[in-house]
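Chain and residue survey
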Amino acid sequence: MAARYYEGVGRRKESTARVRVSEGSGLFTVNGKEMEEFFTRMGDAEAILDVFEAYGRNRSAFDITVQVKGGGVTGQTDAVVLGLARSLVKYDPECVSVLRKGGFMTRDPRVKERKKPGLKRARKAPTYTKR
């Protein structure tokens, strides 16, 4: 029988991350790769691991599997953070106040604004010429 896991979904901009947490040996895979191999930009892996710092337990007590798709690097990082926090809350409902205080439980609602007719982008107007 497979080990019990707790799943959380995180979203940010166009990115979606499905995070599964189970008790284990500290394995952290993102789309089949090690986390440090997938998130190569400086600070991204640390931002994800800040969730464990706030939670107060070592990451080596858990096996984490992440499926992330869509968007860019920042959106994917923030989606994984939210999904990880949500899955830890399912694992241990006592930690919700600590993670909320750290800002890990709030979904960032900002998305790209649609282009408006008559404009070049969402708000950029064509250059005004008097003559």
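Computed from a predicted structure; not experimentally measured.

Another point: the pattern of salt bridges. Should their charged atoms come close, side chains of opposite charge can pair. Overall, the coordinates contain nine salt bridges when judged by the stated rule. The partner of aspartate 108 in a salt bridge is arginine 12, and the shortest N-O contact between them spans 3.3 Å. Taken together, the residues span a long stretch of sequence, with aspartate 108 in the segment after helix H4 (96-101) and arginine 12 in strand E1 (residues 6-12) at a distance of 96 residues. Here aspartate 108 falls in the partly exposed class, since its relative accessible area comes to 22%. When the shortest N-O distance is used, the salt bridge between arginine 123 and glutamate 113 registers 3.0 Å. Of this pair, arginine 123 sits in the segment after H4 while glutamate 113 sits in the segment after H4; the two residues are ten residues apart in sequence, bridging distant segments of the chain. With a relative accessible area of 37%, glutamate 113 lands in the partly exposed category. Connected through shared salt-bridge partners, Arg12, Asp78, Asp108 and Arg110 make up one network.

So, on to the environment of alanine 79. On the secondary structure map, alanine 79 appears in helix H3 (residues 73-91). Setting aside anything within four residues of it in sequence, one finds alanine 79 in contact with Gly10, Arg11, Arg12, Ser15, Thr16 and Ala17.

What counts and how
- Residues numbered from 1 in each chain as written.
- Predicted model: local features only at pLDDT ≥ 70, side-chain atom pairs only at ≥ 80, totals over all residues.
- Heavy atoms only, no water.
- Salt bridge = Lys/Arg side-chain N within 4 Å of Asp/Glu carboxyl O.
- Helix = DSSP H or I, 4+ residues; strand = E, 2+ residues; numbered from the N terminus.
- Buried < 20%, exposed > 50% of the residue type's maximum accessible area, 1.4 Å probe, protein only.
- Contact = heavy atoms within 4.5 Å.

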